[in-house]
2 protein chains.
Amino acid sequence: MSRSARLLDLVQILRRHRRPVSGRTLADAIGVSIRTLYRDIATLQGQGAPIEGEAGLGYVLKPGFMLPPLMFTDEEIEAIVLGSRWVAKQPDKRLAAAAADALAKIAAVLPDDLRDDLDATTLLVGPGSENAEAIDLGIVRQAIRDERKLGFLYRDAGGAASKRLVWPFALAFFDKVRVMVAWCETRQDFRHFRADRMSGLTATDIRYPRRRHAMLKEWRASLDAPGRNGAKDASG
Amino acid sequence: MSRSARLLDLVQILRRHRRPVSGRTLADAIGVSIRTLYRDIATLQGQGAPIEGEAGLGYVLKPGFMLPPLMFTDEEIEAIVLGSRWVAKQPDKRLAAAAADALAKIAAVLPDDLRDDLDATTLLVGPGSENAEAIDLGIVRQAIRDERKLGFLYRDAGGAASKRLVWPFALAFFDKVRVMVAWCETRQDFRHFRADRMSGLTATDIRYPRRRHAMLKEWRASLDAPGRNGAKDASG
DNA sequence: ATCGCTGCTGCCAGAATCTGACAGCAGGTT
DNA sequence: AACCTGCTGTCAGATTCTGGCAGCAGCGAT
């Protein structure tokens with residue numbers, strides 16, 4: 001058995017005991033000498049495992065779990081982060097704090113570019129309707145990641161349809177409705193588009209000339225300025 | 001630099017390149033021989049990293065990310081799983097599928113006892129009100145984990161208060177309101193209790209005589225039997 | 001087809017690391 | 001005081017890792 005596998009085993013064994021376990025017992029369980037066990041414990045502590053040893057008693061692992069190395073796709077990471085953000089906004093303060101802590105741990109090991117991707121997935125909570133969107137939001141997310149222009153047909157609240165070419169930079173999640181935030185080329189302004197009112201989505205190869213991150217920042221600033229009224233649902 | 005750290009570095013370097021990178025380049029980047037690089041690539045592939053090598057071209061890493069070993073508390077894991085379950089129920093099918101995949105990967109490496117804990121946190125989506133609960137749900141979660149009785153004061157829809165001693169076994173999340181599901185000793189039946197109507201929460205040391213998992217199963221079965229009417233909001 | 005580049009595997013000796021045993025100290029329980 | 005336990009240092013042997021070499025196969029360009 002490899003050393004790394006043995007370390008995970010050790011954590012699992014510790015998890016199964018609430019009372020202190022002596023090093024001798026642990027060493028026998030994983031089949032190594034007591035000396036090596038001490039080294040393993042030290043390694044685990046170095047990796048952040050909350051193991052405590054007390055002389056005369058033994059070792060205890062604070063409730064928790066060590067996740068082994070896992071491979072996630074971008075979308076899976078995005079789903080986890082989005083879900084955790086939602087939990088972090090729930091009224092259950094304890095669980096919300098736990099979600100925030102978990103997010104911080106994940107964010108700490110994420111490469112910068114992926115962290116930027118996640119910033120483009122804003123989480124907003126508010127009242128929403130039940131309509132399910134017919135379009136493939138994967139295309140929208142890809143366009144945001146690649147900073148490419150996106151074409152589609154938009155039907156506004158009044159039912160009037162219009163053709164749009166936009167620079168998408170964020171996807172917001174209301175309770176039931178997804179909203180894409182973008183710079184609209186036709187209107188020369190920020191607009192947001194309800195996903196359930198979009199159709200005929202067309203990904204283009206044309207990169208738009210601005211940085212996604214900068215636009216997001218600018219859009220947020222525009223939201224804070226009540227006089228300007230910020231972005232509005234695209235009807236104009 | 002340790003081998004494990006080097007492997008993570010290797011993934012990071014691969015992430016930064018979209019075009020194929022030759023093994024020679026990678027080997028120089030991490031400071032090892034080409035032979036060792038081949039071994040490292042093989043190890044990573046063995047751990048599930050989607051690295052592909054083509055003769056005459058080089059290596060490409062499919063978009064994704066390898067999470068290094070991370071330590072989470074029980075509550076942090078619970079928050080992540082709950083959030084992912086929420087995402088998995090969203091109308092955005094692509095992201096929902098990603099959330100389900102991520103959950104499967106996490107569940108695969110979770111010890112059984114922790115998985116049971118998570119089953120006790122049911123996710124239900126439906127209309128809810130805005131009331132924030134005043135009690136500490138951490139106590140409820142702890143009681144569920146320990147399978148211990150819980151005492152509290154409950155105010156029903158009509159405003160009448162009653163003292164309760166229950167065997168809690170699940171915590172359900174509606175959109176805005178948390179609901180505890182438990183066997184009520186006084187009423188000798190399953191009941192669910194809105195967290196915002198509970199007060200004076202008292203954790204006891206008394207273990208209740210049934211297994212949490214069995215009660216959860218029985219409760220779910222009772223929900224499917226319309227004649228019995230299942231558990232109701234505790235007013236009787 | 002030929003050439004060059006690359007991925008991939010087997011082999012082997014030296015380097016690096018891991019491991020077990022022993023000794024000794026400190027802190028806690030009985 | 002006696003005992004158990006955590007923890008550290010040291011050192012030789014076992015194990016693993018590493019680099020160099022050789023050879024085969026697939027791909028693209030000439």
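Calculation rules
- Residues numbered from 1 in each chain as written.
- Chains lettered and ligands numbered in written order.
- Predicted model: local features only at pLDDT ≥ 70, side-chain atom pairs only at ≥ 80, totals over all residues.
- Helix = DSSP H or I, 4+ residues; strand = E, 2+ residues; numbered from the N terminus.
- Buried ≥ 20, exposed ≤ 12 C-beta atoms within 10 Å, placed from the backbone.
- Contact = placed C-beta atoms within 7 Å.
- Domains from an automatic or database assignment.
- Least-squares fit on C-alpha atoms with pLDDT ≥ 70 in both.
- Near = placed C-beta within 6 Å.
- Nonpolar A, V, L, I, M, F, W, Y, C, P; charged D, E, K, R; others polar.
- Axes fitted to C-alpha atoms, helices over the stretch in contact; angles between N-to-C directions.
- Parallel < 35°, antiparallel > 145°, perpendicular 65-115°, else oblique.
- Left-handed = near helix turned anticlockwise from the far one by under 90°.
- Pairing = 2+ DSSP bridges.
- Expected span 1.5 Å × (residues − 1).
- Arc of directions from axis to C-beta.
- Core = buried A, V, L, I, M, F, W, Y, C linked by C-beta atoms within 7 Å.

## Section: the overall build of chain A
What chain A contains, in helices and strands, is 8 helices and 10 strands. In chain A, buried positions account for 33% of the 236 residues. In chain A, 60% of the contacts between residues at least 6 apart in sequence involve partners at least 24 apart.

## With respect to the domain arrangement of chain A
By a widespread convention, an interface's size corresponds to the accessible area lost as its parts come together. Splitting chain A by domain gives domain 1 (3–61), domain 2 (74–118) and domain 3 (137–233). Centre-to-centre, using C-alpha coordinates, domain 1 of chain A lies 52 Å away from domain 3 of chain A.

## Some words on the relation of the copies chain A and chain B
Superposing chain A onto chain B requires a rotation of 180° together with a translation of 0.1 Å along the rotation axis, leaving an RMSD of 0.2 Å. Read as a symmetry element, the transformation amounts to a two-fold axis. Considering only C-alpha atoms, the residue of chain A closest to the rotation axis is Gly83(A), which sits at 1.8 Å. Counting the interface residues of chain A, we find that 100% of their copies in chain B are interface residues as well, pointing to one common contact surface.

## Re the protein's contact with DNA strand D
Around DNA strand D there are 22 residues in total, and Gly23(A), Gly53(A), Thr36(B), Ala55(B) and Gly56(B) lie nearest to it. Put simply, the parts of the chain that give the surface near DNA strand D at least two residues each are helix H2 (23–30), helix H3 (34–46), strand E1 (51–54) and strand E2 (58–61) of chain A together with helix H3 (34–46) of chain B. With 4 residues, H3(A) is the single largest residue contributor to the surface near DNA strand D.

## Considering the protein's contact with DNA strand C
Taken together, 21 residues surround DNA strand C, and among them Val32(A), Thr36(A), Gly56(A), Gly23(B) and Gly53(B) come closest. Breaking the surface near DNA strand C down by element, the ones donating at least two residues are H3 of chain A together with helix H2 (23–30), H3, strand E1 (51–54) and strand E2 (58–61) of chain B. With 4 residues, the top contributor of residues to the surface near DNA strand C is H3(B). Tallied by class, residues from the surface near DNA strand C come to 7 nonpolar, 8 polar and 6 charged.

## A few points about the packing of helix H1 (residues 3–15) of chain B against H2(B)
Residues and elements named next belong to chain B. Contact pair H1 / H2: the axes reach a minimum separation of 10 Å and the direction vectors enclose 130°. Relative to H2, the element H1 is oriented oblique. The way H1 lies across H2 gives a crossing that is right-handed. Facing Arg6, Asp9, Leu10 and Ile13 of H1, the residues of H2 in contact are Leu26, Ala29 and Ile30. Within the contact of H1 with H2, the residues separate by chemical class into 5 nonpolar, no polar and 2 charged.

## Considerations on the pairing of strand E7 (residues 178–184) of chain B
Residue and element names in this part refer to chain B. The buried count for E7 comes to 7 of 7 residues, which makes it a mostly enclosed element. Residues Arg178, Met180, Ala182 and Cys184 point to one face of E7 and Val179, Val181 and Trp183 to the other, with burial holding for every one of them. Sheet topology places strand E6 (residues 161–173) next to E7; 7 bridges connect them, and they run antiparallel. Across the sheet, the residue bridging to Leu171 is Met180, located in E7. As paired strands, E7 and strand E8 (residues 189–194) are joined by 6 bridges and run antiparallel to one another. Opposite Met180, over in E8, you have Phe193 as the bridge partner. Between E7 and E8, which pair antiparallel and follow one another directly, the connecting turn spans 4 residues, one of which, Gln188, has a positive phi of 55°.

## Observations concerning helix H1 (residues 3–15) of chain A
Residues lying three or four places apart along an α-helix face the same way, a consequence of the helix completing one turn every 3.6 residues. All names here are of chain A. Taking 1.5 Å as the rise per residue, H1 with 13 residues should run 18 Å; its terminal C-alpha atoms sit 19 Å apart, in good agreement. Where H1 is concerned, the buried positions are Leu7, Leu10, Val11 and Leu14. Here the buried residues of H1 occupy an arc of 95° about the axis, which is enough to place them on one side. In the core, the buried residues of H1 are packed alongside H2, H3, E1, E2 and strand E3 (65–67).

## Some remarks on the nonpolar core
Core analysis: the largest hydrophobic core is formed by 110 residues, its most contacted members being Ala182(A) and Ala182(B). In contact with Ala182(A), not counting residues within four places along its chain, are Val166(A), Trp167(A), Pro168(A), Phe169(A), Arg191(A) and Phe193(A).

## So, the interface of chain A and chain B
Chain A puts 48 residues into the contact, and the matching count from chain B is 49 residues. Elements supplying a minimum of two residues to the side of chain A that touches chain B: H1, E3, strand E4 (70–72), helix H4 (74–88), helix H5 (93–109) and helix H7 (137–146) of chain A. Considering each element in turn, the side of chain A that touches chain B owes the most residues, 12 residues, to H4(A). The residue inventory of the side of chain A that touches chain B, partitioned by class, reads 27 nonpolar, 9 polar and 12 charged. Pairing analysis gives 3 bridges linking E4(A) to strand E3 (residues 65–67) of chain B, with the strands arranged antiparallel. Within E3(B), the residue paired with Leu70(A) across the bridge is Leu67(B).

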